[in-house]
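# Structure at a glance
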Amino acid sequence: MADQNLDALTSSAYQQALEVIASVEPRIAEATRQELTDQRGSLKLIASENYASPAVLLTMGTWFSDKYAEGTIGHRFYAGCQNVDTVEALAAEHARELFGAPYAYAQPHSGIDANLVAFWSILAHRVEGPWLQNHDAKNVNDLTDEDWESLRHELGNQRLLGMSLDSGGHLTHGFRPNISGKMFHQQQYGTDPETGLLDYDVVAEKAREFKPLVIVAGYSAYPRRVNFATMREIADEVGATLMVDMAHFAGLVAGKVFTGDEDPVPHAHITTTTTHKSLRGPRGGLVLATEEYAPSVDRGCPMVLGGPLSHIMAAKAVALAEARQESFRGYAQDVADNAKSLAEGFLNRGAELVTGGTDNHIVLLDVSSFGLTGRQAESALLDAGVVTNRNSVPADPNGAWYTSGIRLGTPALTTRGFGHDEFDTVAELIVHVLDNTQPGTTKDGKPSKASYVLADGIADKVKDASAEMLHKHPLYPGLDLG
Ligand code: DSN
């Protein structure tokens, strides 16, 4: 981005693209311009967001979008997929090299899709395959109706153990209302009520009692590292497949901040991720697997997924190539260091953090000590130009909608160049907003979990203080939309 020629080319590409779009639907061109203005002018602290490079963004806007390519590399249900094959093979190659994985599947459209492919692949490999073999059938179409019913019953009665949502797990890790909680008999492990930390002995005990087919490790809102070697030992002891969802921290794995026991890829049978969070690529998913699981994962489309988004797979290849550069390691380390600075900034000002700190990219602020729900805190912060998302804390009394927490992450602002001092100031500004926010009341004068009153003048004061930092670290500095 520092290259002036590239800056000029990028600016010109976007100026012209917006003109073309405006010639058909000017309101979309305008919203696109406005989105850049808004992102440039706010403190983006959503832990799952980032800013992809112009090369990644530009790759998404091409005619690869027009091509159907169901199937897999070299084995498609449509003709004319030779260039899609090139793109998908490159994305997979970069992913294998970057993460040291035997096999990579670049087709999932999102993290949930990647997890569904993983679940399907585990069921196909561990349940359907052996069942068919025992019944001397090549595939399910050879089965009698009666046998088919028996197999369906068996597939529908498998067990999954995952981290609970309010301890930091994801919806797809067996949360009952989610499809993962319905397609499996599920149980959940949580965190220690005192420390907020994972207790591997408790996970092991649950696994021994429950004997799951699948153990899911990984998280969306747990501000600590996980020992995946220990999780694999637990899985091996009970004969479970270990699936790790590294969507949040894939960038820290790619950047070698998480190595050894903290790197899930050598320990998990299947690792899933998104590509747009700390990994800083396009919005999409990815599955990594051992050779054993590769054949079933490779049938993800069309068994689980709709037609692959070839333009997004192309952008995944570009982003993964970027993540293989030495500079990405520095970025990943900065993300983790900045999270520590942000956490210290809060602790020094008396705020409460789930687990008392962080050692990844997430800080989970418990806002109950400010007398607020997460929903009130999120809204007041947004008024002051600080973009966050409310999040449950363990055993949250306010449930998953109102919540008692605010989840913050450092990947996006680290991409802009924020460092220790700026993150300390960010903590100061957030505490200032929350100190000056009161819970509101409903129309009937009852206490409300949603409405709030932010004291006069605070939003402008915080926006002014943020503007200085945002100006010093501009977003897409060379990109001029004219
Ligand atoms: N939506 C993602 C997140 O914000 O963590 C996970 O699905």
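This section reports on the structure supplied with the text. Each chain has its residues counted from 1, running along the sequence as written. Where totals are concerned, whole chains, interfaces and linings use all residues; where local detail is concerned, this predicted model gives features only for residues with pLDDT of at least 70, and gives and counts side-chain atom pairs only at 80 or more. Remark: hydrogens and water are excluded; side-chain values derive from all non-hydrogen atoms of the structure.

So, on to the overall build of the protein chain. Helix and strand counts for the protein chain stand at 19 helices and 17 strands. The C-alpha radius of gyration of the protein chain comes to 23 Å, within 12% of the 23 Å expected for a compact globule of 482 residues. A fraction of 73% describes how many contacts in the protein chain between residues 6 or more apart in sequence connect residues 24 or more apart. Each accessible area is a Shrake-Rupley estimate made with a 1.4 Å probe; only the visible protein chains count as cover when residues are assessed. Summing over all exposed atoms, the protein chain offers an accessible surface of approximately 21100 Å²; the carbon and sulfur share of this is 50%. Counting rule for charge: Lys and Arg are taken as positive, Asp and Glu as negative, and neither His nor the chain ends is counted. Taken as the charge centre is NZ of Lys, CZ of Arg, CG of Asp or CD of Glu, depending on the residue. A gap of 3 Å separates the mean positions of the 39 positive and 62 negative side-chain charges of the protein chain. Put simply, DSSP marks the helices as runs of H or I at least four residues long and the strands as runs of E at least two long, and each gets a number from the N terminus on. Only C-alpha atoms enter the radius of gyration, while the globule expectation follows 2.2 Å times N to the 0.38, with N the number of residues. Contacts between residues were defined by any pair of non-hydrogen atoms, one from each residue, lying within 4.5 Å.

Our next topic: the site of the ligand. In the vicinity of the ligand, the contacting residues are Ser 48, His 170, Ser 220, His 248, Lys 277 and Arg 407. Side-chain atoms alone can form a polar contact between residues adjacent in sequence; in general such a contact is a pair of N or O atoms within 3.5 Å, and within protein one must be able to donate a hydrogen while the other accepts it. At 2.7 Å from an oxygen atom of the ligand is found a side-chain nitrogen or oxygen belonging to Ser 48. At 2.7 Å from an oxygen atom of the ligand is found a side-chain nitrogen or oxygen belonging to His 248. Its free accessible area being 230 Å², the ligand has 62% of it covered by the protein chains. Residues are sorted three ways: Asp, Glu, Lys and Arg are charged, Ala, Val, Leu, Ile, Met, Phe, Trp, Tyr, Cys and Pro are nonpolar, and all the rest, Gly among them, are polar. Grouping the constituent residues of the shell around the ligand by class yields no nonpolar, four polar and two charged. Definition of nearness: a residue and a molecule or strand are near each other if at least one heavy atom of the residue lies within 4 Å of the molecule or strand.

We now examine the pattern of salt bridges. Any carboxyl oxygen of Asp or Glu that lies within 4 Å of a side-chain nitrogen of Lys or Arg is treated as forming a salt bridge with it. On inspection of all chains with the given rule, the structure shows 14 salt bridges. The salt bridge partner of Glu 237 is Arg 208, with a shortest N-O separation of 2.6 Å. Of this pair, Glu 237 sits in helix 9 (residues 228–238) while Arg 208 sits in helix 8 (residues 200–210), and the two are 29 residues apart along the sequence. One salt bridge connects Arg 232 with Asp 236, and the closest N-O pair in it is separated by 2.9 Å. Of the two residues, Arg 232 and Asp 236 are both situated in helix 9; the distance of four residues between them amounts to about one turn of the helix. For the exposure calls, accessible area comes from a 1.4 Å probe over protein chains only, and a residue counts as buried if that area is under 20% of its type's maximum, exposed if over 50%, partly exposed in between. Judged by relative accessible area, Arg 232 falls into the partly exposed class, the value being 23%. Among the charged side chains, a salt-bridge network with shared partners connects Arg 76, Asp 85 and Glu 88.

Note that the residue after Cys 301, namely Pro 302, is joined by a cis bond; omega there is 15°. Within the element layout of this structure, Pro 302 appears in helix 12 (residues 300–303). At Ala 395, a residue that is not glycine, the phi angle is positive and equals roughly 50°. Mapped onto the elements, Ala 395 comes out in the loop between strand 14 (389–391) and helix 16 (399–402). Positive phi outside glycine occurs at Thr 403, with the angle close to 60°. Residue placement: Thr 403 occurs in the loop between helix 16 and strand 15 (405–409).

The buried fraction of strand 7 (residues 214–218) is high, at five of five residues. Across the two faces of strand 7 the burial is the same, with Val 214, Val 216 and Gly 218 and Ile 215 and Ala 217 all buried. One bridge is not enough; two strands pair if DSSP finds at least two bridges between them. Where strand 7 and strand 8 (residues 241–245) come together, five bridges link them in parallel fashion. Looking at the pairing, Ile 215 lines up with Leu 242 of strand 8. Every crossover in which the path from the first strand over the helix to the second runs clockwise, viewed with the strands pointing away from the viewer, is termed right-handed. In terms of handedness, the path from strand 7 via helix 9 over to strand 8 forms a crossover that is right-handed.

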